[in-house]
Structures are given as structure tokens and as C-alpha cells.
Amino acid sequence: MNDNRPAPAVLSVTDLHVHYGGSHILQGVTFDVPATGVTALLGRNGVGKTTTLKAIIGLAPRSGRITLRGNEIQTQRTSRIVREGIGYVPEDREVFGGLTVDENLRLVDPDRGVEAPVVAELFPDLVGRRDQLAGTLSGGQQQMVSLARVLLRRNDLLLIDEPTKGLAPKLVTEVADVLAEVARTTPILLVEQNLPLVRRIADQVVVIDAGRVVHRGDAAELVADPALTRELLGVAMRREGAA
Amino acid sequence: MSDLLLLLVTGLGLGALYFLAASGLSLIYGLMGVLNFAHGVFMTAGAYAGWLTMGDLPQSLPVGARLAVGVVVAIAVGAVIGLVVEVVLIRPLYRHHIQQVLVTVGLSLAGVAAAQGIWGADPRPVETPTWMSGTTVVLGARLPNDRFVYIAVALLLLAGLLALLRYTRLGLVIRAGVENRTMVEALGIDVQRTFTIVFAIGGAAAGLAGVLYSQYAGAVSPGQGGSLLIYAFIVVVIGGMGSLTGTAVAAVVVGLVQQLANYYAASGVGDLSVVLLLALVLLLRPSSLKGATA
Ligand SMILES: Nc1ncnc2c1ncn2[C@@H]1O[C@H](COP(=O)(O)OP(=O)(O)OP(=O)(O)O)[C@@H](O)[C@H]1O
Ligand SMILES: [Mg+2]
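Source: prediction; values computed, not measured.

## With respect to the overall build of chain A
A count of helical and extended segments in chain A gives ten helices and ten strands. Taking 2.2 N^0.38 as the reference for a compact globule, 243 residues should give roughly 18 Å; the C-alpha atoms of chain A span a radius of gyration of 17 Å, in line with that estimate. In terms of its C-alpha atoms, chain A occupies a principal-axis envelope of roughly 45 × 40 × 35 Å. The proportion of buried residues among the 243 residues of chain A is 57%. A separation threshold of at least 6 residues defines the contact pool for chain A, and within that pool the share at least 24 residues apart is 68%. For chain A, the accessible area works out to roughly 9,900 Å², and carbon and sulfur atoms hold 49% of it.

## Describing the sheet that holds strand β1 (residues 9–20) of chain A
Residues and elements named next belong to chain A. Taken in spatial order, the four strands line up as β2-β1-β4-β5 in an open sheet, and their pairing is antiparallel. Two strands lie at the open edges of the sheet, namely β2 (23–34) and β5 (71–72), each paired on one side alone. Packing of helix α1 (residues 49–56) onto the sheet brings it into contact with β1, β2 and β4 (62–68), and relative to β1 it is tilted by some 110 degrees.

## Focus: the coordination of the magnesium ion (ligand 2)
Residue and element names in this part refer to chain A. Bound to the magnesium ion (ligand 2) on the protein side are T50 (OG1) and E91 (OE), at distances that span 1.9 to 2.6 Å. Of this pair, T50 sits in helix α1 while E91 sits in the loop between β6 (86–89) and α3 (101–106); the two residues are 41 residues apart in sequence, bridging distant segments of the chain. With respect to class, T50 is no different from E91; both count as buried.

## Points about the site of ligand 1
Residue and element names in this part refer to chain A. Lining the immediate surroundings of ligand 1 are 13 residues, of which G46, K49, T50, T51 and E91 lie closest. Surface burial for ligand 1 is 59%, taken as the share of its 640 Å² of free accessible area covered by protein chains. Examining the composition of the shell around ligand 1, we find that three residues originate from one element, α1, more than from any other. By residue class, the composition of the shell around ligand 1 is three nonpolar, six polar and four charged.

## Section: the layout of surface pockets
In this structure, the largest pocket occupies an estimated 530 Å³ of space. Lining the largest pocket are 26 residues, with L59 of chain A together with Y94, R95, T182 and E185 of chain B positioned closest to its centre. Taken together, the elements giving at least two residues each to the lining of the largest pocket come down to α1 (2–32), α7 (169–186) and α8 (191–217) of chain B. The element best represented in the lining of the largest pocket is α7 of chain B, accounting for seven residues. Residues of the lining of the largest pocket, tallied by class, amount to ten nonpolar, nine polar and seven charged.

## Here's the deal with the UniProt feature "transmembrane region" (unreviewed entry) in chain B
All names here are of chain B. The UniProt entry lists residues 6–27, 34–51, 63–89, 101–121, 148–165, 195–216, 228–256 and 263–284 under the feature "transmembrane region" (unreviewed entry), expressed in the numbering used here. Annotated as 100% helix and 0% strand, the span residues 63–89 places its first and last C-alpha atoms 37 Å apart. Structurally, residues 195–216 comprises 100% helix and 0% strand, and the distance from its first C-alpha atom to its last is 31 Å.

## Remarks on helix α11 (residues 269–284) of chain B
Spanning 16 residues, α11 of chain B covers 22 Å between terminal C-alpha atoms, matching the ideal 22 Å at 1.5 Å per step. Buried residues in α11 of chain B make contact with α9 (224–238) and α10 (244–264) of chain B.

## Points about the packing of helix α6 (residues 145–167) of chain B against α7 of chain B
Residues and elements named next belong to chain B. Closest axis-to-axis distance for the α6/α7 pair is 5 Å, and the angle between their directions is 85 degrees. Judged on the interaxial angle alone, α7 and α6 are roughly perpendicular. Residues L164, L165, R166 and Y167 of α6 lie in contact with α7, whose contacting residues are R169, L170, G171, L172, I174 and R175. Each residue belonging to the contact of α6 with α7 can be placed in one class, and the counts come to six nonpolar, one polar and three charged.

## Brief notes about the pairing of β1 of chain A
Residue and element names in this part refer to chain A. Pairing between β1 and β2: nine bridges, direction antiparallel. Bridge pairing in β2 links V18 to L26. Here β1 folds back onto β2 in antiparallel fashion, the turn holding two residues, of which G21 has a positive phi close to 55 degrees. Pairing of β1 with β4 involves six bridges; the strand directions are antiparallel. What sits directly across from L11, in β4, is L68.

## Brief notes about the confidence of the model for chain B
Taken residue by residue, chain B gives an average pLDDT of 91. The fraction at 70 or more is 97%. On the interface metric, ipTM, the complex scores 0.90, and its pTM is 0.89.

## A few points about the interface of chain B and chain A
At the interface, 17 residues of chain B touch 23 residues of chain A. A buried area of about 1,700 Å², summed over both sides, lies between chain B and chain A, and 60% of it is on carbon and sulfur atoms. Summed over the three residues of chain B that lose the most area to chain A, namely E179, M183 and L187 of chain B, the buried surface amounts to 32% of that side. One can count three salt bridges joining chain B with chain A. Across the pair D190 of chain B and R77 of chain A runs a salt bridge, and its minimum N-O distance is 2.8 Å. If you look at where chain B meets chain A, you find eleven residue pairs in polar contact (both at pLDDT 80 or more). Broken down by class, the residue content of the side of chain B that touches chain A amounts to eight nonpolar, four polar and five charged.

## Description of the sheet that holds strand β8 (residues 188–191) of chain A
Residues and elements named next belong to chain A. An order of β6-β7-β8-β3-β9-β10 is seen for the six strands of this open sheet, with the pairing classed as mixed. With partners counted over all chains shown, the strands left at the sheet margins are β6 and β10 (212–218), one partner each. With direction set aside, neighbouring strand axes in the sheet form an average angle of 20 degrees. For strand β7 (residues 157–161) and β8, the ladder comprises four bridges, and the chain directions are parallel. Across the sheet, the residue bridging to I160 is L190, located in β8. Here helix α10 (residues 226–233) sits on the sheet and contacts β3 (38–43), β9 (204–209) and β10; the angle it forms with β10, its principal contact strand, is near 155 degrees.

## With respect to the nonpolar core
One finds L11, I86 and F123 of chain A to be the most contacted residues of the largest nonpolar core, which totals 154 residues. When residues of this core are assigned to their parent elements, the largest contribution, 14 residues, is made by α1 of chain B. Other than its neighbours up to four places away in sequence, I86 of chain A contacts L11, I56, I57, L68, I73, I81, N155, L157 and L159 of chain A. One finds A47, Y48, A115 and V220 of chain B within the second-largest nonpolar core, a separate group that totals six residues.

The rules behind each value
- Residues numbered from 1 in each chain as written.
- Chains lettered and ligands numbered in written order.
- Predicted model: local features only at pLDDT ≥ 70, side-chain atom pairs only at ≥ 80, totals over all residues.
- Heavy atoms only, no water.
- Helix = DSSP H or I, 4+ residues; strand = E, 2+ residues; numbered from the N terminus.
- Rg over C-alpha atoms; globule rule 2.2 N^0.38 Å.
- Buried < 20%, exposed > 50% of the residue type's maximum accessible area, 1.4 Å probe, protein only.
- Contact = heavy atoms within 4.5 Å.
- Areas by Shrake-Rupley, 256 points an atom, 1.4 Å probe, with all protein chains shown as cover.
- Pairing = 2+ DSSP bridges.
- Axes fitted to C-alpha atoms, helices over the stretch in contact; angles between N-to-C directions.
- Donors = N, O, S within 2.8 Å, 3.2 Å for Na, K, Ca; no water.
- Near = heavy atom within 4 Å.
- Nonpolar A, V, L, I, M, F, W, Y, C, P; charged D, E, K, R; others polar.
- 1 Å grid on protein atoms, 1.4 Å probe; cavity = no way out; pocket = protein on both sides within 12 Å on 5 of 7 lines; lining within 4 Å.
- Points joined across faces, edges and corners; volume = space filled by probe spheres on them.
- UniProt positions renumbered as here; feature names shortened; annotations may be inferred.
- Expected span 1.5 Å × (residues − 1).
- Parallel < 35°, antiparallel > 145°, perpendicular 65-115°, else oblique.
- pLDDT = per-residue confidence, 0-100.
- Buried area = accessible area lost by both parts, 1.4 Å probe.
- Salt bridge = Lys/Arg side-chain N within 4 Å of Asp/Glu carboxyl O.
- Polar contact = N/O pair within 3.5 Å; in protein donor to acceptor, adjacent residues only side chain to side chain.
- Core = buried A, V, L, I, M, F, W, Y, C linked by side-chain atoms within 4.5 Å.

Written as C-alpha cells, this is what we have:
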């Protein structure tokens, strides 16, 4: 898996810029996401990882060139980009708290909702909670809803932003298991602060600093090099903890 | 006792009209965050559409039948205006709230001026079915029949909208969109299309409100929708900005308070008491400025 020659790209980001008000957050970010496996997008806090994912699906004001399977998507609306095949799991889960678990899922899959086979397969806990309001779920359960929601659609690529943030070690492992399983069939661009988890499931890494990509390469190599991780990622990364 | 019953029924009738006027406003604000100041013009358009239809239909038809057709036309006109306004004026200004306010205020001024230019500034009397202008005696109180019509129509609209929100795909998308529009879009759902549909539904409700309000007033006039709109806004704010059941409860409370104050204090105090009620709600519950459906 940890082959240094990545598969052909499913997503190519070229010279991506994002301005928020007067700040130039992304200053020409360029990278490819291989068509298989997990690519981890890393960087210090506040460097623009979330912004990069948002820019890709059109939730941040952007310029530059973004192609999915070779087709330009940078001028399309978010809902269109998502239907073209990019699933997005946002940083803070953003489940619809006033809707039930089933309703959250039916937004994406009106006919099956919680009855879709993938739910029973990967998120069995949700099946029994189908009529519970998502706002009353625990953080881990909400994360499962947020993940399940995007998996109800066929995706060419998943953008997943800090799925283990704020979760207890046991739940971190559960989420990692789900991600590893999903990655067998769908490439993932993953923002993640938990280095053991990155080592376990990521193949490639892309590191952003000061608005640009400063490192690309093999995930295991980076994680195995404390001096390099310290230099690129500072102290923000969690070195220990379950994965 | 019979006085009180009369006041309750007339107050509820007024509340029903307020709900009809406020429901579309509340739906649109809840989902899109748009304060639609043109809603009054939607109502005026409905009123004139109903009046014109009733005048154009063969006078040999009973008034009730012509009114029924007028109501259908008013609803359709309201829906079409809502749809066109959303597509042409609101959509380009998505996220520009100040500009949206300016555009909808401008539209309402232009609409009133246009109605004045075409049909004159004076109120034009509308025909009312005999039964609706009559009364029914209940427990010694002579209750105006038209109020029962407003109450029944408002209940039907409330039930219809709640069913739409609860049991349909569109309703699910609206409820989700009220919570978090961006995330709905990020799940691959075209929220813009939903906005257009909701604006059309809001316009249809406004058309219905307009034509029934003209029955209540006995006339159509260019400024009619605008004056009803003020109460509709108050109702929407008291009801929690975007909550449909909140809007219904607030409409009933406002209608009753206004009617009771007018009777027990002095005529005109009703309006004042409504404003006081609004101030009280805003002071005690500032969170009512946030949105939530159903
Ligand atoms: N909507 C916005 N308006 C203005 N500035 C923003 C906005 N969103 C993000 N920023 C700024 O852009 C920068 C990058 O934010 P971003 O959320 O992408 O960082 P991140 O790498 O995901 O951080 P973290 O590791 O904390 O999640 C930050 O300085 C942030 O303050
Ligand atoms: Mg982030």
C-alpha cells in the first residue's frame, strides 16, 4: 500500500487561492489526490486545511483550477460538485439536530435512509436510533451520522475534516475502522491531527504551511521522522492516542 | 357572556387573517433569511386579482361561486409573483440582506403606485356572498359568518403547511435548510430551487390572505396589503421568526389582544396593545429573533 508512486489523480488542485476579507489564506496551493487510498492533508492549526476542503467543494471564495476525474469543477456550485461525486464530511459534523437520524440520511437517500445496507454494515448503532433527534446524539454518534450521510451516495472522492476531533480513544478507533473500510473502495482526502491514525490509514500526505504546500510524500515516512513532523507540523499534532 | 363570545370569535377571525398574512413571510424568513417587504404587495395583488376576477365572471353566477374562482386566481397570481420576484430580484442578491430589503421595499412602493395608477387610490367595494355578510346566533351572540370562513381557511392552511413540512421531501429539505442551508447544499441538494418553490408558496399564501382580507374590509385598495403586512411582521417576530406553529399562536394572541383591548379599553388601544405586546416579547425573549421551523 505504501508505494511511493501514487495512482493517477482523481482530484487535481492547481494554484488555489483563497482570500477571506483582507487575509490571503491559501496562496497557490497545488497537489493531487491519488485515485486510491487515503491522502492526509496536514498542517498547523489555522493554516487553512478546512479552507482547502471548503474551496474544493465551493464553500469558500476561491480562484485556481480544480479538476475531478479531469473535469474542471472550480466554477460549479456546491450542490453540483457534490453530485459530480465529492462527498464532504465537515469539521464539526454539522448534523441537522432538529431532524431524526433517519431524516438526516433521507436527505441524501430519500428512499432508503437508515435502511440503506451500508448503514447496517458500517454504523449498526444508528439503525436502532433511527427516530432519535440527531441533536441528542453523542459526539461520536453524530460523527457516524455525518459519515453515513455521505456514504449513501456514490462518491469518487471523500473530503473528511477531523473526524476524530473531540472523541474518546475507543471511538477514535471505531471511526478509524470505518475510514479504513471505506478507503478500500473510495479515495479519501483526510484532515486529521491524530498522527497514529494518520500512520495507520493514510498512504500519502500533503502538508500546508503559510498558504502553500510545503511537503508531499509517503505518510509512514513522515510520521516516522519526529524532526520532520516537528518542523512541518509544530506541536499541534497528537503523537499518542488510539487509532 | 355573549359579548365575550363575540370578541373571541372576531378576535380569532382577525388572528386567522394575520396568520394567513404571516405564514408565507415566516416560511420565507425561516429558510432564506429574507425579510420580504414585498409581501404586502403580493397580498394587494391577490386582492385585486380576486376583485377583477369576480367582476369579469358572468354576473349571473352566484357571488359565492365567483369568489371561489377569485380565490383560486388570487392564489395563482400570488404564486407566480412570488416565483418571479425570487428568480429576478432575490436570487441575484442572495446573502446581500440590506440590498434585499431595499429591493423588496422598492417593489412594494412601486406596486402600490402601480395599483393607484391603474385603479385609483380610492377603495373599490368588493361583493360579498350573502351568507358571509350575515350572522349566526350562538348562545345569544350574533357572530359574523365571515370570521368562521377565515378561521377555517387558516386552519386548513396551517394543517397543509405542517403536513408539507413533516411528510414531504420538500418539507424535509426546508426543515434542514432552516437549520443549516450550507450543509444542505453540501449534501448535493439544490437549495436555490427550494428557495424558489418556497417563495412561490409564500406568494400563494399571500394571495389567499389578500383576497380574504378584502372580503373582511369590504373593499380593495392599494395600501391594503401594506397595512396588513405590519401586523404580519409583528406576528412573525412574536412567533419566533420562522416557526410556523409559533406564528399561528402569535397570530391568535395578537388578534385576541387587539380585539379585547379595542372593546374593553377604547377603540384604537388595540393597535397600541399589539405594539406593547411586541415590545414585551422582544424584551423577555430576545431569542425569538432566531429561526426554527414547525
Ligand atoms: N469565514 C471566514 N472568514 C474569515 N476568516 C476565516 C474564515 N474561515 C477561516 N478563516 C481564517 O482562515 C484561516 C484558516 O482557517 P482554517 O479553518 O482553514 O484552518 P485549519 O487549518 O482548518 O485549522 P484547524 O486545524 O484549527 O482546524 C484561519 O486563520 C481562520 O481564522
Ligand atoms: Mg480545520
